[in-house]
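# Observations on the three-dimensional arrangement
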Amino acid sequence: MESQELLQERYLRHLMLEDVGQEGQSKLAQSKVLVIGAGGLGSPVCLYLSAAGIGNIGIVDCDVVDISNLQRQVIHFTSDIGKSKISSASIKMRSINPNITVDTYFEKFTKNNASTIVQKYDFVVDATDNFTSKFLINDICVTANKPFSHAGVLKYRGQTMTVLPHKTACFRCVFENPPAKELDSIFTAGLFGVVPGIIGCLQASEVIKYILGLGELLTDTLLTIDIKTMNFRKVNVKKDAECSVCSQIST
């Protein structure tokens, strides 16, 4: 842990903001955030949360770094090929900020371990690349009353929204069930490298804003972007009174 003088210098630009200051920075230091996925979305999320001074960051991922990841997963370097993504990511995060704690889970996020992992964190970031995980994250977070940020990317497009269980629309309110058959994925359709960087930065921003109680969150709102046209669009969404998940859980 750095001295108080160095900490003041490290977070100086935050401390100068009237909406953050010392009190806000202390809130960040005391917070715990779980990032599920250490790939294209998880990379900028982990980097910016570390730099911001989130005190405890957990990362869940069961994959290893492949050369094809490097076009978009900026937390991993060529020298990391073959290493676990959680190991590669945690090293960079601690290099950015030695004052944080990084928990690593080299395992797949499943129904068997999801509740146990999620329960210790204040906020969850969905940085996954498949529908099964996204619906599981939604259902677990709503059940556990954990706020979370959803995101998805494909080709030149991306989307994100923030969910506050029992208060705002959840992922199933917008997309009721996983598709019956596998749709296009980045593995079959490709992905413009900067798209997950942009969306991941937005997710990191939502995390920090939530912890600080700052500004307006992307709740009841699906933000979509098209990098080819530079079109950023907000789509209003509503909490579904008959949602199979959030309407079934009492507040």
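The paragraphs below set out a description of the structure included in this document. On a predicted model such as this, the values are computed, not experimentally measured, just so you know. (Residues numbered from 1 in each chain as written. Predicted model: local features only at pLDDT ≥ 70, side-chain atom pairs only at ≥ 80, totals over all residues. Heavy atoms only, no water.)

### Section: the side chain of H150
- As for its placement among the helices and strands, H150 is situated in strand β5 (residues 148-154).
- Given the relative accessible area of 2%, H150 is considered buried.
- Within polar-contact distance, the side chain of H150 engages the side chain of Q159 at 3.0 Å.
- Residues in contact with H150, not counting those within four places in the same chain, are D126, K134, Q159, T160, M161, F171, Q203 and L222. (Helix = DSSP H or I, 4+ residues; strand = E, 2+ residues; numbered from the N terminus. Buried < 20%, exposed > 50% of the residue type's maximum accessible area, 1.4 Å probe, protein only. Polar contact = N/O pair within 3.5 Å; in protein donor to acceptor, adjacent residues only side chain to side chain. Contact = heavy atoms within 4.5 Å.)

### Re unusual backbone geometry
- Of note in this structure, N145 is not a glycine but carries a positive phi near 60°.
- Notably, D220 is not glycine yet its phi reads approximately 55°, a positive angle.

### What about the sheet that holds strand β6 (residues 157-163)?
- The mixed open sheet is built from 8 strands, whose spatial order is β3-β2-β1-β4-β5-β6-β7-β8. The sheet terminates laterally at β3 (101-105) and β8 (231-236), the two strands that pair on one side only. Pairwise comparison of adjacent strand axes, ignoring direction, gives a mean angle of 15° for this sheet.
- Bridge analysis of β6 against strand β7 (residues 221-226) gives 4 bridges, and the strand direction is antiparallel. By the bridge assignment for β7, Q159 is matched with T224.
- Across the sheet, helix α4 (residues 42-52) is in contact with β1 (32-36), β2 (56-60) and β4 (123-126); its angle to β1 comes to roughly 165°.
- Running at roughly 15° to β6, helix α10 (residues 194-212) makes contact with β1, β4, β5, β6 and β7 of the sheet. (Pairing = 2+ DSSP bridges. Axes fitted to C-alpha atoms, helices over the stretch in contact; angles between N-to-C directions.)

### A few points about the side chain of R172
- With respect to the helices and strands, the residue R172 is situated in helix α8 (residues 171-174).
- Since its relative accessible area comes to 13%, R172 is described here as buried.
- Within polar-contact distance, the side chain of R172 engages the side chain of D139 at 2.8 Å.
- For R172, the contacting residues outside a window of four places in its chain are F135, N138, D139, N177, P178, C243, S244 and V245.

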